[in-house]
Amino acid sequence: RKRKKMEEGKRLFDGLNACFDKDPLIDELGFILSASDFGADEKDGFIANSEHKLGITYWCIPIIQKFCHPLFMMLKHRLIDSHSPRISLWSQFNQQDQNLLILFFQTTRILLLINSDCYSAFNARKWMLTVEENSKENGEEGKNLLNFDTELRFLNLLLTKHPKSGEVWVHRRWILNRWKLRGNSLDSIWRQDVEICTRVSVIYPKNYHAWNHRAWILKEVNSKKRVGIH
């Protein structure tokens, strides 16, 4: 029975990742009671449509989590924790471990879709983004697992389902600060973030994390003497 559950978890894991391969612009996430209500086969456990929406059925969430969590911990130990000091360039990995990086990235993505408070998964993504940047600055070819734009898009997706998750907002600020400290402009991002905070606050007026993020944005804007955001 345990083996059957593992096989089911892998099938759902692979299926969800295939949704992102097919449509990298998925922009809304929801948990649903039944996939068949949306014209999908109930055994699929999820539904992705042409309008970039993804729904995951409640029954498959614990199955996916039980499959992903031990896989994540194994990959984290092998790729990050077992190296001292931590690896900072992709070229420092042997070929076998390099082949595991995509799986590691996919595992963090699926874990965070169903549990956005998994700070270990966010820390792993911080590490991947840092290694990607270091490698490109060192003249290496990047893995293109994630970058500033794709990570913000992923966080936008998470906020459609998990707007009260403190870890999502903390990770978002880390991404924005890192981009800014590397000398890049955030002019086009400030307005987008204010709009996200406004949308979330309308749904959850007492969402501390959204209001706190908004206050941080306005402080950054005022420090630059920018106008036009209220």
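Just so you know, these numbers come straight off a predicted model, no measurement behind them.

Draft legend 1. Expanded view of a positive patch on the surface. On the surface, R1, K4, K5 and K66 cluster together to form a positively charged patch. Mapped onto the secondary structure, K5 falls in helix α1 (residues 2-22).

Draft legend 2. Summary view of the packing of helix α2 (residues 61-81) against helix α3 (residues 95-114). At their nearest, the axes of α2 and α3 sit 9 Å apart, and the two run at 140° to each other. One element, α2, and the other, α3, form an angle in the oblique class. Of the two elements, α2 crosses α3, and the hand of that crossing is left-handed. Contacts between α2 and α3 pair I61, I64, Q65, C68, H69, L71, F72, L75, K76, R78, L79 and I80 from the former with Q96, D97, L100, L101, L103, F104, T107, T108, I110, L111 and I114 from the latter. Residue classes in the contact of α2 with α3 are distributed as 15 nonpolar, 5 polar and 3 charged.

Draft legend 3. Highlighting the state of the cysteines. Tallying each qualifying case throughout the model produces 0 disulfides. Free cysteine C19: the closest other cysteine sulfur is in C60, separated by 11 Å. According to the relative accessible area criterion, C19 is buried, its value standing at 11%. As a non-bridged cysteine, C118 has C68 as the owner of its nearest cysteine sulfur, 9.9 Å distant.

Draft legend 4. Quick peek at the pairing of strand β1 (residues 28-32). In terms of residue burial, β1 counts as a mostly covered element, since 4 of its 5 residues are buried. Where β1 meets strand β3 (residues 53-57), 5 bridges bridge the pair, whose relative direction is parallel. Among the inter-strand pairings, F31 is bridged to a residue of β3, identified as I56.

Draft legend 5. A look at the pattern of salt bridges. In the structure shown here, the tally under the stated rule is 13 salt bridges. The salt bridge involving K53 is made with E28; its shortest N-O contact spans 3.4 Å. One end of the pair, K53, is in strand β3; the other, E28, is in strand β1, with 25 residues separating them in the sequence. E133 serves as the salt-bridge partner of R178, at 2.6 Å between the closest nitrogen and oxygen. With R178 in helix α6 (residues 166-181) and E133 in helix α4 (residues 119-137), this pair connects stretches of sequence that are 45 residues apart. With relative accessibility at 16%, the residue E133 sits in the buried group.

Draft legend 6. Just the confidence of the model for the protein chain, in detail. Confidence in the prediction for the protein chain averages 90 pLDDT; 97% of positions are at 70 or higher. Within the protein chain, the lowest mean pLDDT, 82, falls on strand β2 (residues 46-48), and the highest, 96, falls on α2.

Draft legend 7. Layout of the packing of aromatic side chains. If you walk through the whole model with that rule in mind, you get 9 aromatic pairs. A ring pair is formed by W90 and W127, whose centres lie 6.0 Å apart and whose planes are at 90°; its orientation type is edge-to-face. Of this pair, W90 sits in the loop between α2 and α3 while W127 sits in helix α4, and the two are 37 residues apart along the sequence. Each member of the pair, W90 together with W127, is buried. Measuring from ring centre to ring centre gives 4.1 Å for F148 and W179, while their planes differ by 15°; the resulting arrangement is stacked. Here W179 lies in helix α6 and F148 lies in helix α5 (residues 148-161), a separation of 31 residues in the sequence. The exposure class assigned to F148 is buried, which follows from its relative accessible area of 8%. An aromatic cluster of three or more residues is present, and its members are F72, W90, F93, F104 and W127. Sitting over the ring of F154, R125 keeps its end group 4.3 Å from the ring centre. Residue placement shows K126 over the ring face of W174; its charged tip is 5.6 Å from the ring centre.

The rules behind each value
- Residues numbered from 1 in each chain as written.
- Predicted model: local features only at pLDDT ≥ 70, side-chain atom pairs only at ≥ 80, totals over all residues.
- Heavy atoms only, no water.
- Patch = residues over 30% accessible without salt bridge, like charges linked within 9 Å, V, L, I, M, F, W, Y side chains within 5 Å.
- Areas by Shrake-Rupley, 256 points an atom, 1.4 Å probe, with all protein chains shown as cover.
- Salt bridge = Lys/Arg side-chain N within 4 Å of Asp/Glu carboxyl O.
- Lys, Arg positive; Asp, Glu negative; His and termini not counted.
- Charge placed at Lys NZ, Arg CZ, Asp CG, Glu CD.
- Helix = DSSP H or I, 4+ residues; strand = E, 2+ residues; numbered from the N terminus.
- Axes fitted to C-alpha atoms, helices over the stretch in contact; angles between N-to-C directions.
- Parallel < 35°, antiparallel > 145°, perpendicular 65-115°, else oblique.
- Left-handed = near helix turned anticlockwise from the far one by under 90°.
- Contact = heavy atoms within 4.5 Å.
- Nonpolar A, V, L, I, M, F, W, Y, C, P; charged D, E, K, R; others polar.
- Disulfide = S-S within 2.5 Å.
- Buried < 20%, exposed > 50% of the residue type's maximum accessible area, 1.4 Å probe, protein only.
- Pairing = 2+ DSSP bridges.
- pLDDT = per-residue confidence, 0-100.
- Phe/Tyr/Trp six-rings, centres within 6.5 Å; stacked < 30°, edge-to-face > 60°.
- Lys NZ or Arg CZ within 6 Å of the ring centre and 35° of its normal.

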